[in-house]
Amino acid sequence: MSSQEIISGSKILTAAFLTYSILKTLSLQLHSSVTGSFVSGTHSIVFVNCPNEQIARDIARALLDKKLAASVNILPKASSLYYWKGEIEEATEILLLIKTKTSKVHMLSSYIRLVHPFEIPEVFSLPMNQGDAHFFKWLEEGMEEN
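Residues numbered from 1 in each chain as written. Predicted model: local features only at pLDDT ≥ 70, side-chain atom pairs only at ≥ 80, totals over all residues. Heavy atoms only, no water.

Caption draft 1: Spotlight on the confidence of the model for the chain. Chain-level statistics for the chain give a pLDDT mean of 85 and a share of 73% at 70 or above. When mean pLDDT is compared element by element in the chain, helix α2 (residues 53-65) scores highest at 97, while helix α1 (residues 3-35) scores lowest at 62. (pLDDT = per-residue confidence, 0-100. Helix = DSSP H or I, 4+ residues; strand = E, 2+ residues; numbered from the N terminus.)

If you want it as C-alpha cells, here you go:
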C-alpha cells in the first residue's frame, strides 16, 4: 500500500467521523420534530450570575425579546465566594436560570458578554437530559420567530 493510499484512506476515515456526529444530531432532531418526542441534549439550562436584580431583569427580558430563551428564573440573593485577581472575594449575586435550545447557547453567551457589567461574566450551560415532553414542546414554541 502506498503512502498516497494511506493518506487518502485516513482522510476518508476522518471525514466519516466528523460527519457522523452531525448526521446523528440532525436525524435525532428530525425524529423529534416528526414524532413530537424529546431528544436528550436538545435543550439546555444556562446559569448566569448578575450583580443586582435590575440588571438580572434587564438581561432576562432582553433574552426573551430576542428569542434566545423561552423562560428565565431569577433567583435572589445567592452568596458567592470566588477568587478574583488573587484575592478571595465575597458577594451577593442574583442567579439567572435560562432555559433555551442548546443550538442557541453560543449566541446567548455572546449577547450576555456584550451587555453584562462584569469583566468576565459567569456563563455556563448544562444539557437537559430528561424532562416532560410537553414542557420541551412549550420551550420550542416560546423561541419560535414570528
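What follows continues from the structure just given.
Caption draft 2: Here's a closer look at unusual backbone geometry. Positive phi values are uncommon outside glycine, yet K67 reaches one of about 60°. Note that K67 resides in the loop between α2 and β2 (71-84). Positioned with a positive phi, K77 is a non-glycine residue whose angle comes to about 50°. Tracing the chain through its elements places K77 in strand β2. The exposure class of K77 is exposed, given its relative accessible area of 67%. (Buried < 20%, exposed > 50% of the residue type's maximum accessible area, 1.4 Å probe, protein only.)

Caption draft 3: The packing of α2 against helix α3 (residues 105-115), seen in detail. It is at 11 Å that the axes of α2 and α3 come closest, and there the two elements cross at 140°. Comparing the axis directions of α2 and α3 gives the class oblique. You can see that α2 and α3 cross each other, and the crossing is right-handed. Only L108, Y111, I112 and V115 of α3 make contact with α2, whose side of the interface consists of I59, A62 and L63. Looking at the contact of α2 with α3, its residues break down into seven nonpolar, no polar and no charged. (Axes fitted to C-alpha atoms, helices over the stretch in contact; angles between N-to-C directions. Parallel < 35°, antiparallel > 145°, perpendicular 65-115°, else oblique. Left-handed = near helix turned anticlockwise from the far one by under 90°. Contact = heavy atoms within 4.5 Å. Nonpolar A, V, L, I, M, F, W, Y, C, P; charged D, E, K, R; others polar.)

Caption draft 4: Examining the sheet that holds strand β4 (residues 123-127) more closely. The antiparallel open sheet is built from four strands, whose spatial order is β2-β3-β1-β4. Sheet topology places β2 and β4 at the edges, where each strand pairs with a single neighbour. Ignoring which end each strand starts from, the neighbouring axes of this sheet average 30° apart. Relative to β4, strand β1 (residues 43-50) runs antiparallel, the two being bridged by five bridges. Along β4, the bridge assignment pairs V48 with V123. Running over the sheet, α2 touches β1, β2 and β3 (87-101) and is turned about 130° from β2. (Pairing = 2+ DSSP bridges.)

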